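What follows is each chain in one-letter form.
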Amino acid sequence: MKAVILAAGYGTRMGEKAKGLIKIAGREIVYRTIKNLMKQGIGEFVIVTNERYKDAYEEFLKRYNIKGTVVVNPNPERGNGFSLHIAKDYVSGKFVLVMSDHVYEERFYEVAVKGEGLIADRRPRYVDVDEATKVKVEKDRIIEIGKGLKEWDALDTGFFILDDSIFDVTSKLAQEKEVVELKDVVKEVKLKVTFVDGLFWMDVDTPEDIKKARKLIVYTSVKGVGDGFISRHLNRKISTRISALLVEHVTPNQMTIVTFLFGIFSALMNFISVPIAGILYQVSSILDGVDGEIARARMQTSKFGGYFDSILDRYVDFTFLLILAYVSIREPLWWAIAAIAMFSSAMVSYSTERFKGAYCVDAYKVIPALRKVPGKRDERIFLTMLLTLVGWIKALFLILAIWSTFRVIVTVYLVKTRYAQDEG
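About the thresholds
Residues numbered from 1 in each chain as written. Predicted model: local features only at pLDDT ≥ 70, side-chain atom pairs only at ≥ 80, totals over all residues. Heavy atoms only, no water. UniProt positions renumbered as here; feature names shortened; annotations may be inferred. Helix = DSSP H or I, 4+ residues; strand = E, 2+ residues; numbered from the N terminus. Buried < 20%, exposed > 50% of the residue type's maximum accessible area, 1.4 Å probe, protein only. Contact = heavy atoms within 4.5 Å. Areas by Shrake-Rupley, 256 points an atom, 1.4 Å probe, with all protein chains shown as cover. Core = buried A, V, L, I, M, F, W, Y, C linked by side-chain atoms within 4.5 Å. Domains from an automatic or database assignment. Phe/Tyr/Trp six-rings, centres within 6.5 Å; stacked < 30°, edge-to-face > 60°. Lys NZ or Arg CZ within 6 Å of the ring centre and 35° of its normal. Patch = residues over 30% accessible without salt bridge, like charges linked within 9 Å, V, L, I, M, F, W, Y side chains within 5 Å. Salt bridge = Lys/Arg side-chain N within 4 Å of Asp/Glu carboxyl O. Lys, Arg positive; Asp, Glu negative; His and termini not counted. Charge placed at Lys NZ, Arg CZ, Asp CG, Glu CD. Pairing = 2+ DSSP bridges. pLDDT = per-residue confidence, 0-100. Axes fitted to C-alpha atoms, helices over the stretch in contact; angles between N-to-C directions. Parallel < 35°, antiparallel > 145°, perpendicular 65-115°, else oblique. Left-handed = near helix turned anticlockwise from the far one by under 90°. Nonpolar A, V, L, I, M, F, W, Y, C, P; charged D, E, K, R; others polar.

Looking at an unreviewed UniProt entry, one finds the protein chain named Bifunctional IPC transferase and DIPP synthase, with Pyrococcus abyssi as its source organism. What the UniProt record of the protein chain gives under Cofactor (unreviewed entry) is the line "Mg(2+)".

Caption draft 1: Looking closely at the overall build of the protein chain. The number of helices and strands found in the protein chain is 16 helices and 13 strands. Across its three principal axes, the protein chain shows a C-alpha extent of roughly 90 × 50 × 45 Å. Taking all 424 residues of the protein chain together, the buried fraction comes to 52%. In the protein chain, the share of contacts with a sequence separation of at least 24, taken over all contacts with a separation of at least 6, comes to 75%. With the model as given, the accessible surface of the protein chain reaches about 20400 Å², and the carbon-plus-sulfur share is 57%.

Caption draft 2: Main features of the nonpolar core. One finds Ile 24, Leu 37, Phe 45, Tyr 57, Phe 108, Phe 159 and Val 204 to be the most contacted residues of the largest nonpolar core, which totals 57 residues. Looking at which domains feed residues into this core, each of domain 1 (2-206) and domain 2 (222-419) gives three or more. Ignoring any residue separated from it by four or fewer positions in sequence, one finds Phe 108 in contact with Ile 119, Thr 157, Phe 159, Val 196, Leu 199, Phe 200 and Trp 201. The next biggest cluster of nonpolar side chains, apart from the first, holds 33 residues, and it includes Val 4, Leu 6, Val 48 and Ala 120.

Caption draft 3: Expanded view of the UniProt feature "domain: MobA-like NTP transferase" (unreviewed entry) in the protein chain. UniProt feature "domain: MobA-like NTP transferase" (unreviewed entry): in the numbering of this structure it lies at residues 3-102. Annotated as residues 3-102, this span is 28% helix and 27% strand, and its ends, taken at the C-alpha atoms, are 14 Å apart.

Caption draft 4: Geometry of the packing of aromatic side chains. Under the definition given, this model contains 16 aromatic pairs. Taken together, a centroid distance of 5.2 Å and an interplanar angle of 65° make the contact between Phe 60 and Tyr 64 edge-to-face. Judged by relative accessible area, which is 22%, Tyr 64 ranks as partly exposed. Consider the rings of Tyr 104 and Tyr 109, whose centres lie 5.5 Å apart with planes at 75°: the pair is edge-to-face. Here Tyr 104 matches Tyr 109 in class, with each residue buried. Linked through ring pairs, Tyr 104, Phe 108, Tyr 109 and Phe 159 together constitute an aromatic cluster. Against the face of Tyr 31 rests Arg 27, its NZ or CZ located 4.3 Å from the ring centre. When the ring centre of Phe 195 is taken as origin, the NZ or CZ atom of Arg 122, which lies over that ring, is 4.0 Å away.

Caption draft 5: Fine view of helix 1 (residues 29-39). In terms of residue burial, helix 1 counts as a mostly covered element, since 8 of its 11 residues are buried. Restricting attention to buried positions, one finds in helix 1 the residues Ile 29, Val 30, Tyr 31, Arg 32, Thr 33, Ile 34, Asn 36 and Leu 37. Of the residues flanking the end of helix 1, it is Gly 41, one or two places downstream, whose phi is positive at about 95°.

Caption draft 6: A look at a positive patch on the surface. A contiguous patch of positive charge, built from Lys 211, Lys 215, Lys 237 and Arg 241, is present on the exposed surface. Those elements that place two or more of their residues in the positive patch are helix 7 (207-219) and helix 8 (229-246). Structurally, Lys 237 can be placed in helix 8.

Caption draft 7: The pairing of strand 10 (residues 141-146), seen in detail. Relative to strand 10, strand 9 (residues 134-138) runs antiparallel, the two being bridged by 5 bridges. When the bridges of strand 10 are listed, Val 137 appears paired with Ile 142. Once strand 9 ends, the chain turns through 2 residues before running back antiparallel as strand 10, passing Lys 139 with a positive phi of about 55°.

Caption draft 8: Geometry of the confidence of the model for the protein chain. Per-chain confidence: the protein chain averages 94 in pLDDT, with 99% of residues scoring 70 or above. Put simply, helix 14 (residues 363-366) is where the protein chain has its lowest mean pLDDT, 88, and helix 10 (residues 274-287) is where it has its highest, 98.

Caption draft 9: Broad picture of the packing of helix 8 against helix 15 (residues 377-390). Here helix 8 crosses helix 15 at 70°, and the two axes come no closer than 7 Å. One way to sum up the angle between helix 8 and helix 15 is to call them roughly perpendicular. Handedness of the crossing formed by helix 8 with helix 15: left-handed. Packed against helix 8, whose contacting residues are Phe 229, Ile 230, Ser 231, Leu 234 and Asn 235, the element helix 15 presents Asp 378, Glu 379 and Phe 382 at the interface. When grouped by side-chain class, the residues that make up the contact of helix 8 with helix 15 number 4 nonpolar, 2 polar and 2 charged.

So this is what it looks like as structure tokens:
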């Protein structure tokens, strides 16, 4: 199946730039569209643009080695419905139609490509409803469409699943009207509608929209599973705001290094002030989410990035606890307890990472009960901060030793319960 991307507008509110080639969170809008559609099995793309931007889009396809064709609409002033009509000789059968200036979260694509007709949203959360195109629906068909509708059932998301029969309608309208808008085509056909509600999508028409889209792309790029209680309710609320500020300026790996160095700095601070060290350790935990958020927002996730980040996290944790024990503990028994705390803390992460190596899947995705077991890294670090602030260092090591060991035992039990029967 192919996808048609309409990009024939002149972007007058964007300083006459090709809107699809504007970068948001480090990636061109059409790059986001194409890569997400490729994940859904779309292999070839038709970009309909004007003569001014033809070379830019061709260079874009070549730079990223994308299989596609750039088609020129010689009369873009005739409307986006006419731009669709221009694509009639380049697609056959079922195809996706999408606008070059729209951004969507990944989950939206996963659901939308399974639909039919116009993809519409009954519970819009991220767009200005007053500025959006609205549709009135009856028996799963669109009977009215327009921005000025007083009564409406859903918003037009700019995403369509069509087939080549639509060109019979565009041909008819192109002969009858000088300007053919997509809304004219939709209304003429009484296009079927599929609802994809409440997910992130928006069109980018102004510089203010770019800022809004950047923030929302980052905010919707948090890890799907695996976050602990502290990450969900505290860390992510801060880290996503940091990521939104940095996403255009640093790469994920650069942020990983910065976070690692800050974590080591927090460990060394134990030599000067244990309470301040604990606070800085918690700050490093917040920053630890930034590299992943930037990677997902910039569409630069990699297996190496996750692997590298996990290794550096273990160094930070071990260094912090080792120096904390060195400056706070003298008795051999408590050193033994501290050693168990250090080892078992590392084993919490190792137990889930080793699972991924053995079973090639994320433990948190296939064993949902594991998500509810306390003791993840963000929770242990937050506890460390609290107890260092009040000076309960021995209590901290004792709790970490028991808590982390318990979590590892529970993890092994849940894995055995989940897989032992399958393996005979």
